[in-house]
Structures are given as C-alpha cells and as structure tokens.
Amino acid sequence: MSTPDAARNTVVVGLQWGDEGKGKVVDLLAAHARHVVRFQGGNNAGHTLVVDGETVILHLIPSGILQPNTTCIIGNGVVVDPEVLVGELDALEARGYSIGPDDFLISADAHLVLPIHRSLDDLREHALGGAKIGTTKKGIGPAYEDKVARRGVRVGALLDLERFRRHIQATLAEKNRIFAEWYQAPTVTDDDLVAWAQPFAERLAPFIRDAVSHLHEAQDQGERILFEGAQGTYLDVDHGTYPFVTSSNTVAGNAAAGTGVGPKDLHTVVGIAKAYATRVGSGPFPTRLDSVEEEALRAKGGEFGATTGRPRSCGWFDAPMVKHAIRLNGVTHLTLTKLDILSGLGRLKIATSHNTQPGEERFTGGPIYEEWEGWSQDISACRNWEELPKQAKAYVERIENLVGVRAGLISVGPGREQVIPRDPLFRAQAY
Ligand code: IMP
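I will try to describe carefully the structure that is included in this document. Within any chain, residue numbers begin from 1 and follow the written order of that chain's sequence. Under the rules for a predicted model, residues below a pLDDT of 70 receive no local features and side-chain atom pairs below 80 are neither given nor counted, while totals for whole chains, interfaces and linings still include all residues. Side-chain measures were taken over the full set of non-hydrogen atoms in the model, leaving aside hydrogen atoms and water.

1. Thoughts on the side chain of E88
Piece 1. Only DSSP runs of H or I reaching four residues or more are called helices, and only runs of E reaching two or more are called strands; each is numbered from the N terminus. Tracing the sequence through the fold places E88 in helix 2 (residues 82–94).
Piece 2. Of the buried charged residues, E88 lacks a salt bridge, with R38 as the closest side chain of opposite charge at 7.0 Å.
Piece 3. We call two residues in contact when some of their heavy atoms are within 4.5 Å. Residues within four places of E88 in sequence aside, it is in contact with L58, H59, L60 and I61. Burial here depends on accessible area, computed with a 1.4 Å probe over protein chains only, as a share of the maximum for the residue type. Under 20% is buried, over 50% is exposed, and the range in between is partly exposed. Positive charge is attributed to Lys and Arg, negative charge to Asp and Glu, and no charge count is given to His or to the chain ends. By definition, a salt bridge exists where a carboxyl oxygen of Asp or Glu is found within 4 Å of a side-chain nitrogen of Lys or Arg.

2. Some thoughts on the packing of aromatic side chains
Piece 1. Two rings from Phe, Tyr or Trp (for Trp, the six-membered ring) form a pair when their centres are within 6.5 Å of each other. A pair whose planes differ by under 30 degrees is stacked, one over 60 is edge-to-face, and the rest are tilted. Scanning the model with the defined rule gives six aromatic pairs in all.
Piece 2. Ring geometry for W17 and Y234: centres 5.9 Å apart, planes at 50°, overall tilted. Here Y234 lies in the loop between strand 10 (225–228) and helix 8 (254–257) and W17 lies in the loop between strand 1 (10–14) and helix 1 (22–29), a separation of 217 residues in the sequence.
Piece 3. Taking the relative accessible area as the measure of exposure, W17 reaches 5% and is therefore buried.
Piece 4. Members of the aromatic cluster, each reached through a chain of ring pairs, are W17, Y234, F285 and F363.
Piece 5. Here, a charge over a ring is recorded when the distance from Lys NZ or Arg CZ to the ring centre is within 6 Å and its angle to the ring normal is within 35 degrees. The ring of Y369 carries K349 above its face, with NZ or CZ at 5.1 Å from the centroid.
Piece 6. Above the plane of the ring of W385 lies R422, whose end atom (NZ or CZ) is 3.9 Å from the centre.

3. As for the site of the ligand
Piece 1. Residue proximity to a molecule or strand is established when one non-hydrogen atom of the residue lies within 4 Å of it. As a matter of local geometry, the ligand sits amid 15 residues, with D19, N44, T136, T246 and R310 nearest to it.
Piece 2. One nitrogen or oxygen atom from the main chain of G134 is found 3.3 Å from an oxygen atom belonging to the ligand.
Piece 3. Within the side chain of R310, one N or O atom sits 3.0 Å away from an oxygen atom of the ligand.
Piece 4. The nonpolar class holds Ala, Val, Leu, Ile, Met, Phe, Trp, Tyr, Cys and Pro. Asp, Glu, Lys and Arg form the charged class, and all remaining residues, Gly among them, are polar. Class assignment for the residues of the shell around the ligand results in six nonpolar, seven polar and two charged. Pairs of N or O atoms are called polar contacts if they sit within 3.5 Å, as long as, within protein, a hydrogen donor faces a hydrogen acceptor (for residues adjacent in sequence, only side-chain-to-side-chain pairs).

4. As for the environment of V331
Piece 1. Within the secondary structure, V331 sits in the loop between helix 10 (319–329) and strand 15 (333–337).
Piece 2. Classification of V331 by relative accessible area gives buried; the value is 11%.
Piece 3. As a C-alpha pair, V331 and V13 span 318 residues in sequence and 8.8 Å in three-dimensional space.

5. Things to note about the packing of helix 5 (residues 161–182) against helix 6 (residues 190–204)
Piece 1. Closest axis-to-axis distance for the helix 5/helix 6 pair is 10 Å, and the angle between their directions is 140°. By the criterion of interaxial angle, the relationship of helix 5 to helix 6 is oblique. Both helix 5 and helix 6 take part in a crossing whose hand is right-handed. Where helix 5 abuts helix 6, its residues L161, F164, R165, I168, Q169 and L172 lie against D190, D191, L193, V194, A197, Q198 and A201.
Piece 2. Per-class residue counts for the contact of helix 5 with helix 6 are eight nonpolar, two polar and three charged. Throughout, an axis means a line fitted to C-alpha atoms (over the contacting stretch in the case of helices), and angles, computed between N-to-C directions, take values from 0 to 180 degrees. When describing relative orientation, an angle under 35 degrees is termed roughly parallel and one over 145 degrees roughly antiparallel, while 65 to 115 degrees is termed roughly perpendicular and anything else oblique. Left-handed describes a crossing whose near helix is turned anticlockwise from the far helix by less than a right angle; the clockwise case is right-handed.

6. Side note on the sheet that holds strand 15
In a beta sheet, neighbouring strands pair by backbone hydrogen bonds and run either parallel or antiparallel.
Piece 1. A sheet is described by the order of its strands in space; here 10 strands give the open sequence 9-7-5-2-10-1-11-15-18-19, paired in mixed fashion. At either end of the open sheet lies a strand with only one pairing partner, and these are strand 9 (208–209) and strand 19 (419–421).
Piece 2. For two strands to count as paired, DSSP must find a minimum of two bridges between them. Where strand 11 (residues 268–274) meets strand 15, five bridges bridge the pair, whose relative direction is parallel. Within strand 15, the position partnered with A273 by the bridge is L336.
Piece 3. The strands that helix 1 touches are strand 1, strand 2 (35–38), strand 10, strand 11, strand 15, strand 18 (407–411) and strand 19; relative to strand 1, the one it contacts most, it runs at about 165°.
Piece 4. Packed on one face of the sheet, helix 7 (residues 211–220) meets strand 2, strand 5 (71–74), strand 7 (104–107), strand 9 and strand 10 and runs near 140° to strand 5.

Any functional reading would require information beyond the geometric quantities listed.
Written as structure tokens, this is what we have:
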C-alpha cells in the first residue's frame, strides 16, 4: 500500500522534553521512506527500539537503520562524536546488520564532538553545582559553542588529518588555557587528538559525503525523506525552558537548516507526545507528581534515560504546553505514546491551564487540573480504537479537544506492532 502523496516528506518531533517515543514512530514511518535524516543534536539523544523482542538503543545513527532499503543520513546540523558513532556501527554489525555507504552517510559539514568538548561539559556542570543544567555530559553544548563561534572542526576534516590538526590548533590554545587556569584540569595536545581521531577517521571515511547534494538528488527523483528530530520542543534553545535546554533548535523548522532541504519540502509534521509527561535533567516541570506517585509512574513506565540511565521526573499531561508545541512545530499529525502505562493508575489528571499572571513567564504560576476516570484493563493488546476501554477513549478525546489536533496514532507498548493507527498516514505503513 502506498503512503498518501501529501505525506511525502515527514518531520518527526517531540512535543515535551524528549523521550516521547520518537524512535519507534520513526522506525514505523521509515518503512515507507527512502531516506531518514537526523538534523540536530548528537549522542545526547537515545532512541530505544524493540524489534522482534530485541532492544536496540541508538544515539546517533537514525532509527531507520533497521529498515531494509532505507538510507540513513546524519545531516549538517548534527554534532558527531566519531568514537560513539564507530561504537554504534560496530554494535549493529555485531548483531548482523551489515552497513555500507549505500545504507548510511554522514554530512561532511556536520561538526565534530571532541574529547575536549566532553571534558568541558563535565567540568562546567561540576562547577555549577546545584545550578547545573543536568546535561548528558556528552559534550554537545561545547561542540555547538565552537560551531557558532566559528572555531569548530567539521566531519570533513577527518578525511585529511593534517587539516584536522590545523583546525584543532585553532581552538586548542584557548581550550587549554580554560582547562589549566580556570579548572586546574589536564591540558591536551594536538598530537593526542590526532591519535584519538585516526582509527575513527579510517572507519568513517567511506560514509563521509555531501549530504546536501544527496538529499537534493533524492528530491529530484521524488524519493521520500523522513526527518528524525531528537530531544523535544521544551529543550529547544529558543523555545524551551531556557537555560535548562539543549544547545540546538529541536523544532521542526530546523529540519530545513539542519539538512539543506528547503522548508517548502517539509510536507508533514508528526508531533509525538507521551500520554503523561517526563523530563530528565534540571529545570521547570509544572505538572510533576509528588514523590510517591512519581515513583510508581516511573517504575511502571520504565522512565530511566536511554543515554544516561538517570531516573526521569514524571508528571501529568500538560495540555497547554503540548498545544503551544503543536503551534511552534506546525504539527499536522499527532501521536500519543505510552497510553498503556496509565492502565491501573486510578484517577488521572490533565493540566488544562496555568495560573500565570500577566507579565509572568509562560506556563508559570502552577497548573490547573481536571480529573478523569482511569481504567484498569491492560490495553497493550488493543490494535484499534474500538477495543480501548471507554475511559481511555474519553481521556484521549479530552486531550485532542484541548490541544486541537486528533491523535492519528496511539502507541500502547514498546513493540513495533503495538499501535492503534487512526490516520491514513500511519495506516499505510507495512506492519
Ligand atoms: P545536553 O543536550 O546534554 O547539553 O543536555 C541539556 C538538557 O537536555 C538536559 O536537561 C538533558 O537531560 C536534556 N536532554 C538532552 N538530550 C536529551 C534526550 O534525548 N532526551 C531527554 N532529555 C535530553
């Protein structure tokens, strides 16, 4: 069955603080895309996929890599730690997925995350103490800082290690002063970094290409592209809960800048929201539960970070925040994930507004809740809308009514097949 034309190129983004289950939805939609491209973030992301009962966690390689006939691309807007990427390629190959240059390519224009970026992330967080951002300490912020400060090192430099050395030298003198004088930490030489990069450069060289031209050629052939967002809207550096955000734009608009595909070619935007809310790291979380209820929801939902293993904070669905995220991203299709986790929780709450006073920041002042009757049945085997208990339907319908978009796909478990597709975009997939 073919996917409707209107859905030709699709962007998938998170509408909360990340961990909404984007990986699974990308994996489903990738069955009918010819190319899957990441456009921002780095290995701070962690997408958990469960395929044939086996769990695969990906941090950099797009989730579509498990689909046959799909080319996965790391776009120019991503920051790439070559050590992590090589580890991921090796791990996939060890599981029997053979990955060649027709299956995977990396934009030569993407920026590198270097060991100095990881160290700086760690030192800064440590120095901030109680005021820390709660980053993943993967060096993402410092790598983006170098990019924007025009002293970054791009992936293409791995193809010529003398060029890599020259670019490193441009940033190293300053970094070493910061390490030595500000943090009393060990310094690094350009030889150290070249020696570190060499094995990764050799392994990655066949995959480093002009990804912008690749995507434009795909467009010319009428081939479908899926844009895989990482993190979530409220971690966006402009639109999120600043400064407790990541260092890239996570909203759908950045799918254009982060790949070189023009905005008129982003046809469909799928926004993913969990049926409740979670956040990892520091920062505001208006609907957070008290510790006893939070612990129960965390245990039930397995809410521990895929990248850092940290426990996620858990809370009720925040409708005004999701509604605002829908606007920021231009969402055309909504997906609600982990509805099954709410089974047996008793009465459920939905935040319908915030008690924000004029002049105060958005979403402050405390959430105002509505209570909904819960359901006790296990819904993880439901495959169509009619099979859901009436309370679950009422809960979803109230959310749809509050955020203004129908849930075109409802996910009721981690497996690929554990979905309730309601919109042709999702029904057309081969599962
Ligand atoms: P950074 O991206 O490592 O700099 O971390 C900044 C903030 O974003 C922290 O609160 C992290 O916990 C959060 N974060 C980064 N990536 C993810 C993700 O993929 N899921 C959820 N939170 C994330």
